[in-house]
Amino acid sequence: MHYQTGSGSCKVPVKRSVATDPMERIERMAAAHAVVIFSDSTCCMCHTAKRLFCSLGVSPVVYEIDQDPRGEDLSKALLRLHGGAAPVPTVFIGGKLLGAIDSVMASHINGSLVPLLKEAGALWL
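A quick note: this is a predicted structure, and the numbers were derived from the prediction, not measured. (Residues numbered from 1 in each chain as written. Predicted model: local features only at pLDDT ≥ 70, side-chain atom pairs only at ≥ 80, totals over all residues. Heavy atoms only, no water.)

Asker: Account for the packing of aromatic side chains, naming residues and giving values.
Answerer: Per the stated rule, a full pass over the model turns up two aromatic pairs. Between Phe38 and Tyr63, the ring centres sit 5.4 Å apart and the planes meet at 20°, which makes this aromatic pair stacked. Within this pair, whereas Phe38 is found in strand 3 (residues 35–39), its partner Tyr63 is found in strand 4 (residues 61–64), the two being separated by 25 residues in sequence. With 5.8 Å between their ring centres and 75° between their planes, Phe38 and Phe92 make a pair best called edge-to-face. Taken as a pair, Phe38 in strand 3 and Phe92 in strand 5 (residues 90–93) lie far apart in primary sequence, 54 residues in all. For the pair Phe38 and Phe92, one class covers both residues: buried. These aromatic residues form a ring-pair network of at least three members: Phe38, Tyr63 and Phe92. (Phe/Tyr/Trp six-rings, centres within 6.5 Å; stacked < 30°, edge-to-face > 60°. Helix = DSSP H or I, 4+ residues; strand = E, 2+ residues; numbered from the N terminus. Buried < 20%, exposed > 50% of the residue type's maximum accessible area, 1.4 Å probe, protein only.)

Asker: Account for the side chain of Ser39, with residues named and values stated.
Answerer: Turning to its location among the elements, Ser39 is positioned in strand 3. In this structure the side chain of Ser39 is engaged in a polar contact, spanning 3.2 Å, whose partner is the side chain of Lys50. (Polar contact = N/O pair within 3.5 Å; in protein donor to acceptor, adjacent residues only side chain to side chain.)

Asker: Before we move on, can you summarise the pattern of salt bridges with the specific residues and values?
Answerer: Going through the model one piece at a time under the given rule, you end up with four salt bridges. Close ionic contact of Glu24 with Arg28 constitutes a salt bridge, the shortest N to O distance being 2.4 Å. In this pair, Glu24 and Arg28 are both assigned in helix 1 (residues 22–31), four residues apart and thus about one turn of the helix distant. Between Asp68 and Arg25 there is a salt bridge whose closest N-O contact spans 2.6 Å. Taken together, the residues Asp68 in the loop between strand 4 and helix 3 (71–81) and Arg25 in helix 1 connect sequence positions 43 residues apart. Take Asp68 and Arg25: they sit in the same class, and that class is buried. (Salt bridge = Lys/Arg side-chain N within 4 Å of Asp/Glu carboxyl O.)

Asker: For the pairing of strand 6 (residues 96–99), give the residues involved together with the corresponding values.
Answerer: Where strand 5 and strand 6 come together, three bridges link them in antiparallel fashion. Each bridged residue has a counterpart across the sheet, and for Phe92 the counterpart in strand 6 is Leu97. Linking strand 5 to strand 6, which pair antiparallel, is a turn of two residues; within it Gly94 sits at a positive phi near 60°. (Pairing = 2+ DSSP bridges.)

Asker: Which residues make up helix 2 (residues 44–55), and what values go with them?
Answerer: When the terminal C-alpha atoms of helix 2 are compared, their 16 Å separation across twelve residues agrees well with the 16 Å that a helix rising 1.5 Å per residue should span. Burial in helix 2 covers these residues: Cys46, Ala49, Lys50, Leu52, Phe53 and Cys54. (Expected span 1.5 Å × (residues − 1).)

Here it is, written out as structure tokens:
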């Protein structure tokens, strides 16, 4: 299954993972790819994050937690990671937590996002 943005210019693979402990699952999922977004398929801020990465030429791996049978457990674990803030979108770059949409946008605006993406091997330009 693929998440497809607007005009079809960027297809983002949707992945599912199997592990028992939600935090362990998140860590394993985040470490497996250069850019990972934990998302909800109906969340507008999640859509914004996915579009931003696609516009930069990055194809993040997206885990739609609302479509995962154990998504509620993932959501609770992500909530703990954020200290009680909204659990999605949650972005990992190079296996490290970048944060929610506010951290992503701040990194983009201050110019630190592209170097992070390059360092993680998600961008080659």
